[in-house]
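The residues making up each chain are set out below.
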Amino acid sequence: MRREQYYEYKEKYGKAFEDTCRWVNPRDIVEFDQKRADGNQIKNELRYKQQFLTGTEQVAPVSVIPLGNGKYRAKDGSTRGRAKIAALEEDPNQKVLITDFHHKVLKYGSDE
């Protein structure tokens, strides 16, 4: 989910959207469906990791599908999710903002 979509959903859906956003341990994201088409995945992950380690707060959540047992598959925002996992190695207090709004409320399937 991009920042613009995050703000759009907050305005359009309000509490219904906000209630699906939560902070979790980055290692709870165990699968990633998305890969950057432009091949800059590692470069962007490193950039985000540095931002997170120097105090830049994550704004837009990673869109996830619950897998059970508190684990998730990232559908959108995988770069942020992977960067949070990498930042966790240096800062054990890192958390990642996730949402299952698309899955839970909009009823998107696993291919959407």
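Residues numbered from 1 in each chain as written. Predicted model: local features only at pLDDT ≥ 70, side-chain atom pairs only at ≥ 80, totals over all residues. Heavy atoms only, no water.

Of note, P66 is situated in strand β3 (residues 62–68). Of the residues examined, P66 reaches a relative accessible area of 35% and is grouped as partly exposed. Taking C-alpha positions, P66 is 15 Å from V96, a pair spaced 30 residues apart along the chain. The residues touching P66, leaving out its near neighbours within four places in the chain, are K71, Y72, D100 and H103. (Helix = DSSP H or I, 4+ residues; strand = E, 2+ residues; numbered from the N terminus. Buried < 20%, exposed > 50% of the residue type's maximum accessible area, 1.4 Å probe, protein only. Contact = heavy atoms within 4.5 Å.)

Attention now goes to the packing of helix α3 (residues 41–53) against helix α4 (residues 78–88). For the pair α3 and α4, the least separation of the axes is 8 Å and the interaxial angle reads 55°. By the angle between their directions, the pair α3 and α4 is classed as oblique. Crossing angle aside, the handedness with which α3 passes α4 is right-handed. Packed against α3, whose contacting residues are Q41, N44, E45, Y48, K49, F52 and L53, the element α4 presents T79, R80, R82, A83, K84, A86 and A87 at the interface. In terms of residue class, the contact of α3 with α4 is made up of six nonpolar, three polar and five charged. (Axes fitted to C-alpha atoms, helices over the stretch in contact; angles between N-to-C directions. Parallel < 35°, antiparallel > 145°, perpendicular 65-115°, else oblique. Left-handed = near helix turned anticlockwise from the far one by under 90°. Nonpolar A, V, L, I, M, F, W, Y, C, P; charged D, E, K, R; others polar.)

Bear in mind that shape data such as this cannot, by itself, settle questions of function.
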